[in-house]
Amino acid sequence: MAYTILRSGRLLDIAAGTAEFADILIEDDTIREIGAPGCPAPAEAIEISAARRLLHPGLVNAHTHGHGNLAKGMGDRWTLELLLSAAPWITGNRTAEDKYLSTQLGAVEMVMKGCTACYDLSFDWPAPTHDGLARVGKAYADVGMRAVVAPMVADRSFYEAIPGLLDALPSSLKEQVAELRLAPAEMTLAAIRTALRDWPFDRDQVRPAVAPTIPHHCSDAFILGCAALAREFDVGLHSHVAESKVQAVSGIRLYGRTQTAHLDRLGVLGPHFTVAHGVWLDEEDMARLGDHGASVAHNPGSNMRLGSGLADTRAMLERRVNVGIGTDGANCADNQNMYEAMRLASFVSKVQGPDWRRWLSTREAALAATEGSARALGIGDRIGRLAPSYKADIVMLDLDHPNWLPLNDPVNQLVHTEDGTAVASVMIGGRLIVDNRKLLTVDFDRLRDRVAAARERLAAANADNRRLYEALEPVVGSYCPGLARTPYHVHRYGARLE
Ligand SMILES: [Zn+2]
């Protein structure tokens, strides 16, 4: 048994809105006791001073893509559909080393910005492999971060999934995108089964899940196959649902009902199910998710960057949907800053109507980024709170940083002022990962050099894919906004908007 005691810090209680002085006794990786300053501790306990520090539960990123980190800043005016068209260019030709590096780079950014756990939907083409997923898992384990790693899978390409898109392409492009076809469903499902069965990591730290990427990119049989595997191995299911209006309209065209109504009919909703985004959910969709105890991972930064729209988190909370907050991948967001994501979640709620009583409070945003996200990851009973029997995933903010001078209201300042620059130290499972702004687990200079080399190699390897994107952009970029002009009714504040 190893004991650590954090002394003299101010413990943030998000629900109460207070930051009282308290000592935290940690046994191995778990918080054993929270006591008054100077409380007794075992003689062998290692003492860490948290004087002038605000202690908050590690932020939990409910939706990201580790493969996106080498592609940050590669696009600007991209809709979701243009981003998907750019995927072969910005994430193509990855080696096993690249998968590790990209994921590790994101993990490093997250921990240095106060995030201690994430849900990573990891993509590999044409199908996931056990080795590829093991590299991704190892990237998190080497940083010392907690993660849920879900292979992001489909059995239809983007071009096969959007109604009418293939027909809109000239024949030369049609031939080229035919080569982007994914592996057959049976092969992908078999690869997931192997990964779930032979998972090589301590599941407390890095656990698997399954992510049928977007409902209409998957045949029903494939979605049911993913759901059956998730049930058999008791892991989460995560899917991008109602993210863009093109998706929402495509769902109606294909299913004759919303994506969420279709998933409900298939019987795959439940407490283990996470909807990423949910921008275009209607009230019935939200009620379905709430009734099933499902989660939404709200990604306000990505939703604005891709012009997807503004998700209505108040309406979700009213229907008992569990709301978590995520950054989404760096290829569409373009950072991994959960403080920014919380702040944007608060702001996005506030621009949707004049009735301030419907706005998300900072307390609600902070709870979503901790307890809500933790529940979406399936480990809400172990992380997301600083309390006895919870994991010691603790962020220590520097109260002498300008962000905290003066200290007026700890929760308002956590959500609206903090931007990650006051993060002094980060502990995950009782282990210091960042100590006074120094990352202890990764040789950062070596990571930097490897990332630079990978970037150069990938730019050359994906030159043809870039040219393909440039040829696709005018077609996808006009066809999809056309599809998005289809009238689509979403209830908002009791009104029907088009
Ligand atoms: Zn995503």
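Our structure's up above, just so we're on the same page.
Residues numbered from 1 in each chain as written. Predicted model: local features only at pLDDT ≥ 70, side-chain atom pairs only at ≥ 80, totals over all residues. Heavy atoms only, no water.

A. Structural context of helix H17 (residues 444–461). Relative to the 26 Å expected for 18 residues at 1.5 Å per residue, H17 spans 25 Å between its end C-alpha atoms, a close match to the ideal helical length. For H17, the set of buried residues is Leu447, Val451, Ala454 and Leu458. Mapping the buried residues of H17 onto a view down its axis gives an arc of 70 degrees, with all of them on the same face. Exposed residues pointing more than 90 degrees away from the buried face of H17 are listed as Glu456 and Ala460. The inward-facing, buried residues of H17 abut helix H2 (96–112). A side-chain oxygen of the first residue of H17 lies 3.2 Å from the backbone nitrogen of Asp445; this N-cap is Asp443. (Helix = DSSP H or I, 4+ residues; strand = E, 2+ residues; numbered from the N terminus. Expected span 1.5 Å × (residues − 1). Buried < 20%, exposed > 50% of the residue type's maximum accessible area, 1.4 Å probe, protein only. Arc of directions from axis to C-beta. Contact = heavy atoms within 4.5 Å. Polar contact = N/O pair within 3.5 Å; in protein donor to acceptor, adjacent residues only side chain to side chain.)

B. How the structure looks around the pairing of strand E15 (residues 423–428). Counting buried positions over the six residues of E15 gives six, a clear majority of the element. Sheet analysis places strand E14 (residues 394–398) next to E15, joined by four bridges and oriented antiparallel. Paired with Val395 across the strands is Val426, a residue of E15. With three bridges joining them, E15 and strand E16 (residues 431–435) adopt antiparallel strand pairing. Paired with Met427 across the strands is Leu432, a residue of E16. Hairpin connection, E15 to E16: the antiparallel pair is bridged by two residues, and Gly429 has positive phi, about 60 degrees. (Pairing = 2+ DSSP bridges.)

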